[in-house]
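Observations on chain architecture
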Amino acid sequence: LYFLHIVFVEQATFIRQRTCKSMGKITDIVRQKGNKSRVSLFLDGAFLCGLDELTAVKNRLEIGTEIDGEDIARIQAESEYVTALDKSLSRLSVRPRSEREIRDFLKDKGYLSAVSDKVCARLSELGYLDDAAYARQYIDENKCRYGAVRLKNELIKRGVDRDIIDEQLDGCDRDEAVVALARSLWRSCGKDKYKLKNKLYAKGCNGEDISFAIDALESEGAFDEEE
């Protein structure tokens, strides 16, 4: 990743040096062999940068067109945004992600923070990036497997704000979930109350939830000795 970062910085420096000229002429536009959706742009006979093909078409870049440095910088930023957005959407199609996870992903790919800001803003606008919805879904899918402490720690690792996590935890039916979890562990504990408490603790349940679950199972006679 460090090597990729260095390459990206060197490329950006080269582009700034090339675009400091007030005007240049596009001498060639070549489709890239490794990525058919991108083209290589040549200015005054020398390679300048790679661009998303749609961005090149949208900006009417053609051989013989004269273009200044500011326009090249703007067009390249637009192109990087398009590719970064596409990569982020592909990533989100596998499973939901938090905003921090997407930002970390783009950073690892070498995109600048300004591009990440724009991508995340657009994804949020489209409804694909919503930390509250992400936390709610994660809790709903895992609340019968882990306790509130574990759920919160996992979401914190994914970069979700603590206030958002607390709000979503308060909004879910944790009582029912922790009792269901306790029931699923009950037999493996040999109906031993103290072993069950330890297992619930290991699953990330807090003391209050453990007490509630144990009381619920006691009311069902789960720990009564068989005659």
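Look up a bit, the structure's there.
The sections below set out a description of the structure shown in this document. These numbers come from a predicted model, not from an experiment.

**Notes on a nonpolar patch on the surface**
Where nonpolar side chains cluster on the molecular surface, the patch consists of L89, L126 and Y128 and spans about 270 Å² of accessible area. With respect to the helices and strands, L126 occurs in helix α5 (residues 113-126). By relative accessible area, L126 is classed as partly exposed at 38%.

**Things to note about helix α11 (residues 207-219)**
In this model α11 runs 18 Å from its N-terminal to its C-terminal C-alpha over 13 residues, within 8% of the 18 Å that 1.5 Å per residue would give. For α11, the full list of buried residues reads D209, I210, A213, I214, A216 and L217. Summarising the axial view, the buried residues of α11 lie within an arc of 160°, below the 170-degree limit, and thus occupy one face. In α11, the exposed residues that point more than 90 degrees away from the buried face are E208 and S219. Of the residues trailing α11, G221 is marked for its positive phi of about 75°.

**A few points about the pairing of strand β2 (residues 38-43)**
Of all six residues making up β2, five are buried, and the element is well covered by its neighbours. Bridge count for strand β1 (residues 24-31) against β2 is five bridges, and the pairing is antiparallel. Along β2, the bridge assignment pairs I29 with L41. Between β1 and the antiparallel strand that follows it, β2, lie six residues. Across six bridges, β2 lies against strand β3 (residues 46-52) in antiparallel orientation. Bridge assignment links L43 to a residue of β3, and that residue is A46. Following β2, the chain reverses through two residues before pairing antiparallel with β3; D44 in that reversal takes a positive phi of roughly 55°.

The rules behind the values
- Within every chain, residues take consecutive numbers counted from 1 along the sequence as written.
- The predicted origin of the model limits local features to residues at a pLDDT of at least 70 and limits the giving and counting of side-chain atom pairs to 80 or more, whereas totals for whole chains, interfaces and linings rest on all residues.
- Derived side-chain values reflect all non-hydrogen atoms in the structure, with water molecules and hydrogen atoms excluded from consideration.
- Nonpolar side chains (Val, Leu, Ile, Met, Phe, Trp, Tyr) within 5 Å and like charges within 9 Å form the patches, drawn only from residues with over 30% relative accessible area and no salt bridge.
- All accessible areas in this document rest on Shrake-Rupley with a 1.4 Å probe, and a residue is counted as covered only by the protein chains that are shown.
- Salt bridge criterion: a side-chain nitrogen from Lys or Arg within 4 Å of a carboxyl oxygen from Asp or Glu.
- Under the DSSP-based scheme used, a helix requires at least four consecutive residues in state H or I and a strand at least two consecutive residues in state E, with every element numbered from the N terminus.
- Relative accessibility decides the category of a residue: with a 1.4 Å probe and only protein chains considered, values under 20% of the type maximum give buried, values over 50% give exposed, and everything between is partly exposed.
- The span you would expect from a helix comes to 1.5 Å times its residue count less one.
- Note: the arc covers the axis-to-C-beta directions of the helix.
- Following DSSP output, two strands are said to pair if at least two bridges run between them.

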